[in-house]
Amino acid sequence: MPYLSVNVDHVATIRQARQGIEPEPVTAAAMAELAGAVGIIAHLREDRRHMNDRDIEMLTNTLNTRLHFEMAATEEMQQIALLRNPATVCLVPEKREELTTEGGLNCIGREQELKDFLAPIHAKGIGSSLFIDADADQLKAAHVIGAEYIEIHTGHYADATSQPEREAEFKKIVAGIELAKELGFKVNLGHGLNYTNILPFGKIKGIHEYSIGHSIMSRAIFVGIDKAVRDMVEIIRTFDE
């Protein structure tokens, strides 16, 4: 059965709207764990627009499951990962002007650079993932880099405005999953998935984990974090392995 990891960045976004002290992402993380999440995702952006260094420290010290640390491939983030020792790091593209991550990491032509970047992280026993589009050339480049996981970017599928477009994006993702499995990756999916658009993936075999944040925290405003997470866990539990 696939697993659910919950992104708590959006809790920090609400806090930062007033530059205050609440709500606490670490509290949301603990509630998500109690509701069945097997991991917590936190993206420490270079501009600290939502999560901050204190959040990462507190999550490291309090989680009972696993911290998936999303980050840009910079020296600063590498040093933070080595200090905090998360279960995995996930390398993502990052632009200051974007509202949220707009696409996958470009691995083509950066194979040796990213392999060298991950070397000290791997040496410390930290797992690694690459957040990439469902593109064959990107997947082959990712294989050279040597990450254990890939997280296929599902944002284009989630943002599709017509059924034909959505079906085309879905087929791309399914093809990407199949190639990723052939290359030996553990496959995660994430970005823009919600309680309805996740359903077509229910019969797709080989998905290890779903990374979901925005839709869960959006529902939590109305029903609470516990129920919002449990509802998503129950959906995923119906999926075939």
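This one's a predicted model, so the numbers in the text were calculated from it and none came from an experiment.

Let's talk about the packing of helix H2 (residues 25-34) against helix H3 (residues 53-62)
Helix-helix packing: each pair is described by the crossing angle between the helix axes and the interaxial distance. The geometry of H2 relative to H3 is characterised by a closest axis approach of 9 Å and an angle of 30° between their N-to-C directions. Taken together, H2 and H3 sit at an angle that is classed as roughly parallel. At the point where H2 passes H3, the crossing takes the right-handed sense. Only Asp55, Met58, Leu59 and Thr62 of H3 make contact with H2, whose side of the interface consists of Pro25, Val26 and Ala29.

A closer look at the packing of aromatic side chains
Applying the stated criterion to the full structure yields four aromatic pairs. With 6.0 Å between their ring centres and 45° between their planes, Tyr157 and Phe170 make a pair best called tilted. On the criterion of sequence distance, the pair formed by Tyr157 in helix H7 (residues 155-159) and Phe170 in helix H8 (residues 163-182) is long-range, its members being 13 residues apart. Here Tyr157 and Phe170 have matching classes, each one buried. Taking 5.3 Å as the distance between ring centres and 75° as the angle between the ring planes, the aromatic pair formed by Tyr157 and Phe201 counts as edge-to-face.

Digging into the nonpolar core
Proteins that are soluble and globular tend to have nonpolar side chains buried together. Counting residues in hydrophobic clusters, the biggest one holds 71 residues, and the most contacted among them are Leu189, Phe201, Tyr210 and Val229. Examining the composition of this core, we find that seven residues originate from one element, helix H10 (residues 225-237), more than from any other.

Regarding the pairing of strand E8 (residues 207-212)
The buried fraction of E8 is high, at five of six residues. Summarising the sheet, strand E1 (residues 3-7) and E8 pair through four bridges and their orientation is parallel. Across the sheet, the residue bridging to Tyr3 is Glu209, located in E8. As paired elements, strand E7 (residues 186-190) and E8 share four bridges and run parallel to each other. Of the residues in E8, the one forming a bridge with Asn188 is Glu209.

Focus: the pattern of salt bridges
Per the stated rule, a full pass over the model turns up 16 salt bridges. Asp55 is paired through a salt bridge with Arg54; the nearest N and O atoms lie 3.9 Å apart. One network of salt bridges, with partners in common, ties together Arg15, Glu24, Arg54 and Asp55.

Some words on the sheet that holds strand E5 (residues 127-132)
Within a beta sheet, neighbouring strands are joined by backbone hydrogen bonds and run either parallel or antiparallel to one another. One closed barrel holds the eight strands; their spatial order is E1-E2-E3-E4-E5-E6-E7-E8, and the pairing between them is parallel. Looking at each pair of strands side by side, their axes are set apart by 25° on average, direction ignored. By the bridge criterion, four bridges tie strand E2 (residues 39-43) to strand E3 (residues 67-71) in an arrangement that is parallel. Its bridge partner being in E3, Ile41 is matched across the sheet by His68. On the sheet, H3 packs against E2 and E3 and is oriented at approximately 160° with respect to E3.

Some details on the environment of Gly202
By secondary structure assignment, the location of Gly202 is in the loop between E7 and E8. The spatial distance from the C-alpha of Gly202 to the C-alpha of Ile236 is 7.4 Å, given a sequence separation of 34 residues.

Quick notes on H8
Between the first and last C-alpha of H8 there are 29 Å, a value that for 20 residues agrees with the 28 Å anticipated at 1.5 Å per step. In the core, the buried residues of H8 are packed alongside helix H6 (136-145), strand E6 (149-153), H7, E7 and E8. Where H8 starts, the residue carrying a side-chain oxygen 3.3 Å from the main-chain nitrogen of Glu165 turns out to be Ser162. Looking at the residues trailing H8, positive phi occurs at Gly184, about 95°.

Let's talk about the environment of Phe185
Position of Phe185 relative to the elements: it lies in the loop between H8 and E7. We classify Phe185 as buried; its relative accessible area is 7%. Linking Phe185 and Phe201, residues 16 residues apart in sequence, is a C-alpha distance of 18 Å.

Remarks on the pairing of E7
Most of E7 is tucked away: four of the five residues are buried. Bridge count between E6 and E7: five bridges; the pairing is parallel. Following the sheet pairing, Ile152 is matched in E7 by Leu189.

Rules of the game
- Residues numbered from 1 in each chain as written.
- Predicted model: local features only at pLDDT ≥ 70, side-chain atom pairs only at ≥ 80, totals over all residues.
- Heavy atoms only, no water.
- Axes fitted to C-alpha atoms, helices over the stretch in contact; angles between N-to-C directions.
- Helix = DSSP H or I, 4+ residues; strand = E, 2+ residues; numbered from the N terminus.
- Parallel < 35°, antiparallel > 145°, perpendicular 65-115°, else oblique.
- Left-handed = near helix turned anticlockwise from the far one by under 90°.
- Contact = heavy atoms within 4.5 Å.
- Phe/Tyr/Trp six-rings, centres within 6.5 Å; stacked < 30°, edge-to-face > 60°.
- Buried < 20%, exposed > 50% of the residue type's maximum accessible area, 1.4 Å probe, protein only.
- Core = buried A, V, L, I, M, F, W, Y, C linked by side-chain atoms within 4.5 Å.
- Pairing = 2+ DSSP bridges.
- Salt bridge = Lys/Arg side-chain N within 4 Å of Asp/Glu carboxyl O.
- Expected span 1.5 Å × (residues − 1).
- Polar contact = N/O pair within 3.5 Å; in protein donor to acceptor, adjacent residues only side chain to side chain.

Keep in mind these values describe shape, not function.
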